[in-house]
Amino acid sequence: MFRAIVIDKNADGQTCAVRELDDSALPAGDVTIAIEYSTLNYKDGLAIAGSAPVVRSFPMVPGIDFAGEVIASEDPRWPVGKRVLLNGWGVGERHWGGLSARARVSGDWLVALPDGMSARQAMAIGTAGYTAMLCVMALQKHGLKPEDGDILVTGASGGVGSIALMLLKKLGYSAWAMTGKAGEEAYLREIGAAGVMDRVEYQKASRPLERERWAGVIDCVGGTVLAHACACVRYDGAVAACGLAGGMDLPATVAPFILRGVTLYGIDSVMCPLSRREAAWQQLATLLGTADLEANTREIGLDEAIAAAQGLSAGQHVGRFLVRV
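Every value quoted in this text rests on a predicted model; they were computed, and no experiment measured them. (Residues numbered from 1 in each chain as written. Predicted model: local features only at pLDDT ≥ 70, side-chain atom pairs only at ≥ 80, totals over all residues. Heavy atoms only, no water.)

### Here's the deal with the packing of aromatic side chains
Item 1. The full count for this structure, using the stated rule, is two aromatic pairs.
Item 2. Look at Trp176 and Trp214: their rings are 6.2 Å apart centre to centre, the planes differ by 55°, and that puts the pair in the tilted class. Taken together, the residues Trp176 in strand 9 (residues 175-179) and Trp214 in strand 11 (residues 214-219) connect sequence positions 38 residues apart.
Item 3. The ring of Trp176 is capped by Arg213, whose NZ or CZ atom sits 5.6 Å from the centre of that ring. (Phe/Tyr/Trp six-rings, centres within 6.5 Å; stacked < 30°, edge-to-face > 60°. Helix = DSSP H or I, 4+ residues; strand = E, 2+ residues; numbered from the N terminus. Lys NZ or Arg CZ within 6 Å of the ring centre and 35° of its normal.)

Okay, structure coming up:
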């Protein structure tokens, strides 16, 4: 038997509760993992609150990532005792996820925990940190160097944005934080921001081209904020877009792309190829230690996760939730 958060649906609507389940209830898969830690991400908040159609079938165990130890396996790549992590692949949406003490998944979805990294450390980073690393890697691949100028991080007080600030500082970049949360300037500067700006400045429509201000952008918001940021990027700069908390529309023009040569990179963490996942996690293991993550992380138990997730979906929290399952 094991405990898990279970989302279900009936004639009265969606329900969500911690339940005790038998191992026989686990979905099909060739590797079974005893989960030690999971996290709460924005998508988990939407799933648990039922405020967006994240969950594709019911009942569903939410949680788009987890880390733990293999306890049963039919896949020779993942012997019993191997320590692993998982991000994405529809887990917590179409396949039972990580807010549970057990998971059974395809071996194709797993990544080995980097040497020296604990399950707790991996989930303090989580999908948010892994996504932030993919964004930074896109800017690096584009050729942006620290001396090229400031990098803007939107949604900077959230999970992806906050870890993006840490990574950019570690790599020598000057990063500016954009946030809609008043009073977070001290926290954002502490974790790596060279400057802080209010999101309201970019929530209004921009001209096709604004003053060249940023060498690059990591955008966690989307919508008008992303469009305005693109209009402010310098010639031959780059934007890595990974979020849609501010909307799925993009009220922009082609001017930044054809007159300034700006490149817009779409960052997908869910179906990202294994080689890129492994590269991201190896960099994360090198760049972020446990001490780097403590100021950004709050550890909670499984019984606290439902309330925390509902607050997360409403934009009421700062930083990361680490869930001890």
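What follows continues from the structure just given.
### Remarks on unusual backbone geometry
Item 1. Of the consecutive residues Phe58 and Pro59, the connecting peptide bond is found in the cis state with omega at -5°.
Item 2. Tracing the backbone shows Pro59 in the loop between helix 1 (42-49) and strand 4 (65-73).
Item 3. At Trp89, a position not held by glycine, the phi torsion is positive, near 60°.
Item 4. Here Trp89 shows up in the loop between strand 5 (83-87) and strand 6 (102-105).
Item 5. Judged by its relative accessible area of 18%, Trp89 is buried.
Item 6. Positive phi, close to 65°, is recorded for Asp236, a residue that is not glycine.
Item 7. Within the fold, Asp236 resides in strand 12 (residues 233-241). (Buried < 20%, exposed > 50% of the residue type's maximum accessible area, 1.4 Å probe, protein only.)

### Considerations on the sheet that holds strand 9
Item 1. One open sheet accounts for six strands, arranged 10-9-8-11-12-13; its pairing is parallel. Either end of the sheet is taken by a strand with one partner, and the two such strands are strand 10 (193-198) and strand 13 (263-266). Recorded for the sheet is a direction-independent mean angle of 20° between the axes of neighbouring strands.
Item 2. The sheet contact formed by strand 8 (residues 151-153) and strand 9 spans three bridges and is parallel. (Pairing = 2+ DSSP bridges. Axes fitted to C-alpha atoms, helices over the stretch in contact; angles between N-to-C directions.)

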